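# Summary of the model geometry
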Amino acid sequence: SETTLSLYFESAKTLTFECEGKNVETVTSGKYQIARIRGIKAKELKKAFTLTVKDGEEIIGTITYSPMTYCSNVLSDGTQSEALQNVCKALYLYAKAADSYFPD
């Protein structure tokens, strides 16, 4: 199975995104432009991906983030729902099992 990592950006400019050979889908929701990094395999859940943010052809920034970073942030933030915390705990266990099942 594969996971999608979504990163939200608020900008008056129309942004484009690139990520290390991964498919990045861009959608707009309200005031946010969302970069969805698609196709993250189980063995890549602990990998950090660098997303390049562009305004036209100009690179305006990069962000490096991983599904496990997201889970860590959810679990350290006491305001998140218990259901979301449980999903993140399960994803962590899944990533740990994938490491054992898919050795480098």
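Each remark here, short or long, concerns the structure printed above.
What comes next is a walk through the structure. The structure displayed is predicted, hence computed values, not measured ones.

Sheet architecture is open: three strands sit in the order S2-S5-S6, paired in antiparallel fashion. A single partner strand is all that each edge strand has here, and the edge strands are strand S2 (15-18) and strand S6 (58-65). Strand-to-strand twist in this sheet, taken as the mean axis angle between neighbours without regard to direction, amounts to 25 degrees. Summarising the sheet, strand S5 (residues 49-55) and S6 pair through seven bridges and their orientation is antiparallel. Opposite Thr52, over in S6, you have Thr62 as the bridge partner.

The sheet built from three strands is open, its strands ordered S1-S4-S3 with antiparallel pairing. The sheet terminates laterally at strand S1 (2-9) and strand S3 (23-29), the two strands that pair on one side only. Across the sheet, the mean angle from the axis of one strand to that of its neighbour is 25 degrees, orientation sign disregarded. In the sheet, S3 pairs with strand S4 (residues 32-41) via seven bridges, with the strands oriented antiparallel. Its bridge partner being in S4, Thr28 is matched across the sheet by Gln33.

Calculation rules
Residues numbered from 1 in each chain as written. Predicted model: local features only at pLDDT ≥ 70, side-chain atom pairs only at ≥ 80, totals over all residues. Heavy atoms only, no water. Pairing = 2+ DSSP bridges. Helix = DSSP H or I, 4+ residues; strand = E, 2+ residues; numbered from the N terminus. Axes fitted to C-alpha atoms, helices over the stretch in contact; angles between N-to-C directions.

Spatial relationships are all this shows, so hold off on functional conclusions.
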